[in-house]
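# Breakdown of the fold
Spelled out from the first residue to the last, the chains are:
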Amino acid sequence: MADKADLTPEEARNWRLAKLFDLRSFIGALFLIFGVLVTIPGLNASQANIDKAAGLNLSLWVGLIMLGLGLFFTAWILIRPPKPITAAEAEAARQAREEFGEHAPGH
């Protein structure tokens, strides 16, 4: 695997895009957004709403859990980003696709 410093500008750009479009980024962002949207009503919950939920402030608890999961996924993508793909690896993958075509394993 290439080190980040060894990447060409195009490879570095592709690596940044890979991090941006990693599934963990989307999941983390959605959990953070919905966690905030669920936590805010939980902070303002009336006693009647809490009593309806067997004495638990469900909006607050679920919102905080969603915020925690969002932070987990966001930290995960920052701590363990996807591996950068060098131009040589991309070219090898392209050649393998051309060589095997429809006869590639898994088709």
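Whatever comes next refers back to the structure up there.
Residues numbered from 1 in each chain as written. Predicted model: local features only at pLDDT ≥ 70, side-chain atom pairs only at ≥ 80, totals over all residues. Heavy atoms only, no water.

## Topic: the pattern of salt bridges
- For the coordinates displayed, the defined rule picks out 1 salt bridge.
- Its salt-bridge partner being Arg24, residue Asp22 comes within 3.0 Å of it at the nearest N-O pair. Per residue, the accessibility class of Asp22 equals that of Arg24, and both read buried. (Salt bridge = Lys/Arg side-chain N within 4 Å of Asp/Glu carboxyl O. Buried < 20%, exposed > 50% of the residue type's maximum accessible area, 1.4 Å probe, protein only.)

## Details of the side chain of Arg24
- Following the sequence through the fold, Arg24 ends up in helix 2 (residues 23–43).
- Overall, the relative accessible area of 12% leaves Arg24 in the buried class.
- Sequence-distant contacts of Arg24, that is, excluding residues within four places in its chain, are made with Phe73, Trp76, Ile77, Arg80, Pro81 and Pro82. (Helix = DSSP H or I, 4+ residues; strand = E, 2+ residues; numbered from the N terminus. Contact = heavy atoms within 4.5 Å.)

## Notes on a nonpolar patch on the surface
- Judged by side-chain polarity, Leu17, Leu20, Phe21, Leu23 and Phe26 come together as a nonpolar surface patch covering roughly 520 Å² of accessible area.
- Those elements that place two or more of their residues in the nonpolar patch are helix 1 (9–20) and helix 2.
- In this fold, Leu23 is placed in helix 2.
- Take Leu23: its relative accessible area is 58%, and that puts it in the exposed class. (Patch = residues over 30% accessible without salt bridge, like charges linked within 9 Å, V, L, I, M, F, W, Y side chains within 5 Å. Areas by Shrake-Rupley, 256 points an atom, 1.4 Å probe, with all protein chains shown as cover.)

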